[in-house]
Amino acid sequence: MPQQDVFLEKWEGSSRLGAGRYELFEAMRATIPIIDAALDKIVRLSGEFSVCCADRTAQREAERFLREVPVGGYTEGLQKFLWGYLGDLLTYGNAVGEIVLEPSGKEIHGLYLAPLKNIELTLDQARLEPVIKVRGQTGQLHEVPYPQLILFSALAPKAGEIVGRSLLEGLPFVTSILHKIYRSMGQNFERIGNLRYAVTYRPGASALDRANAKEIAQNIAKEWRHSVSGLRDGVVRDFVAVGDVDIKVIGADNQMIDTEVPVRQMLEEIVSKLGIPPFMLGLSWSTTERMSKQQADILTTELEYYRSLLEPVIRRVVSLFLRLHALPDEVQVEWSAINLQDEVEQARAELLHAQACTKGGEENEEGV
């Protein structure tokens, strides 16, 4: 399969939760750096969080748990788990995690971020809950034995469906065009930038030249190879030929196609879909200060939406930990400020609103 058609081929053949669908989104992130950078920035900009418990002992134990809970067997901290969880949610539209308990069932051993390629999701119409099935080594699907320990989130599912939609949905066609442009640019630089020569010998009108044309051409080719091979070792050698010899650079008459406009059009589609301001991705497009502020406000709204998807996961994990330790399981999640400037603007807006309400009340009293 040609590499430039990998996106369309996988997109047309992918099902709702088939492995090809996940491979499609992985290929998009691996091939187009700006998509990978944008998703990573969204994950990092989601910020950090803390939990608040009414009981002091529960607060202290919950903070310790947030710092020390093993994640994936190689790192610690619930924050690290959420970064990977949100990355899967944005890339694939769904994220599945598991709370792994100790054999005694009285302690959380760690958190595991499950790969989605071997998971099938269906909707239980009676309970309106997702049913998660795992594909084993034999290829058979079986339900997870302890669904209450499974963490699941879906990004903007369609009405009546449990499967979420990837943030990259709608971009495979755009990405395939952009990949074709990049590949063509590389081929053109290979053809034009790596100089190749056409050496043409035209025999003269004499009978001697025509009779020995083949031998003369072979000698010219031998001398030309000898002259060019010296350049590899840094040695400049002269090329001497007798007769009507013409030397041209292959491809020198052609010019590179200007790809700035089509590439920017494709990047604009990607940036608008991902909701990241261009200046955060190193794209120096002409924008005014007011436009940049509006783009930052839109990003703030998007990040608050992603936080709302993560809060149930945080509460569920921490509440289970507190119940296992016989502590009150009431938990509130507090997020760090996304941007100090946003906080100042929000406070200023609330002040202006309060002043307007006060002024309107005074005018009503004077009218009475």
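Scoring rules and cut-offs
Residues numbered from 1 in each chain as written. Predicted model: local features only at pLDDT ≥ 70, side-chain atom pairs only at ≥ 80, totals over all residues. Heavy atoms only, no water. Helix = DSSP H or I, 4+ residues; strand = E, 2+ residues; numbered from the N terminus. Buried < 20%, exposed > 50% of the residue type's maximum accessible area, 1.4 Å probe, protein only. Contact = heavy atoms within 4.5 Å. Areas by Shrake-Rupley, 256 points an atom, 1.4 Å probe, with all protein chains shown as cover. Salt bridge = Lys/Arg side-chain N within 4 Å of Asp/Glu carboxyl O. Disulfide = S-S within 2.5 Å. Axes fitted to C-alpha atoms, helices over the stretch in contact; angles between N-to-C directions. Parallel < 35°, antiparallel > 145°, perpendicular 65-115°, else oblique. Left-handed = near helix turned anticlockwise from the far one by under 90°. Nonpolar A, V, L, I, M, F, W, Y, C, P; charged D, E, K, R; others polar. Pairing = 2+ DSSP bridges.

1. Comments concerning the overall build of the protein
Across its full length, the protein carries 11 helices and 12 strands. The burial tally for the protein puts 34% of its 368 residues in the buried class. Of the contacts formed within the protein by residues at least 6 apart in sequence, a portion of 65% connects residues at least 24 apart. Accessible surface computed for the protein: about 22,600 Å², of which carbon and sulfur atoms make up 51%.

2. Quick word on the pattern of salt bridges
If you walk through the whole model with that rule in mind, you get eight salt bridges. Here arginine 64 ties to glutamate 68 by a salt bridge, and the two come within 3.4 Å at their closest N and O atoms. Pair noted here: arginine 64 and glutamate 68 are both in helix H4 (residues 56-68), with a separation of four residues, about one helical turn. On the basis of relative accessible area, arginine 64 is assigned to the partly exposed category, the value being 29%. Where salt bridges share partners, they join Arg29, Asp36 and Asp40 into one cluster.

3. Notes on unusual backbone geometry
Phi at alanine 156 is positive, roughly 45°, even though this residue is not glycine. Its location among the elements puts alanine 156 in the loop between strand S9 (150-154) and helix H6 (172-193). With a relative accessible area of 30%, alanine 156 lands in the partly exposed category. Not every positive phi belongs to a glycine, and alanine 326 is a case in point at roughly 55°. Summarising the element assignment, alanine 326 is placed in the loop between helix H10 (289-324) and strand S12 (332-335).

4. Here's the deal with the environment of isoleucine 314
With respect to the helices and strands, isoleucine 314 occurs in helix H10. Sequence spacing of isoleucine 314 and valine 331 is 17 residues, and the spatial spacing of their C-alpha atoms is 9.1 Å. Other than its neighbours up to four places away in sequence, isoleucine 314 contacts Phe49, Val51, Leu78, Leu82, Val333 and Trp335.

5. Things to note about the state of the cysteines
Under the counting rule described, the total for this entry stands at zero disulfides. Here cysteine 52 is not disulfide-linked; the sulfur of cysteine 53 is the nearest cysteine sulfur, at 7.5 Å. With a relative accessible area of 13%, cysteine 53 lands in the buried category.

6. Focus: the packing of helix H3 (residues 33-45) against helix H5 (residues 78-92)
Taken N-terminus to C-terminus, the directions of H3 and H5 make an angle of 135°; their axes are 10 Å apart at the nearest point. When the axis of H3 is compared with that of H5, the two are oblique. Here H3 and H5 pass one another in a crossing that is right-handed. Facing Leu39, Ile42 and Val43 of H3, the residues of H5 in contact are Trp83, Leu86, Gly87, Leu90 and Thr91. Looking at the contact of H3 with H5, its residues break down into six nonpolar, two polar and no charged.

7. Re the environment of lysine 248
Within the fold, lysine 248 resides in strand S11 (residues 244-249). Judged by its relative accessible area of 53%, lysine 248 is exposed. Taking the C-alpha atoms as reference, lysine 248 lies 8.5 Å from threonine 200; in sequence the two are 48 residues apart.

8. Topic: the pairing of strand S5 (residues 108-113)
Across five bridges, strand S4 (residues 94-101) lies against S5 in antiparallel orientation. Opposite glycine 97, over in S5, you have leucine 113 as the bridge partner. As consecutive antiparallel partners, S4 and S5 are separated by six residues, and within that stretch glycine 105 has a phi angle of approximately 75°, a positive value.

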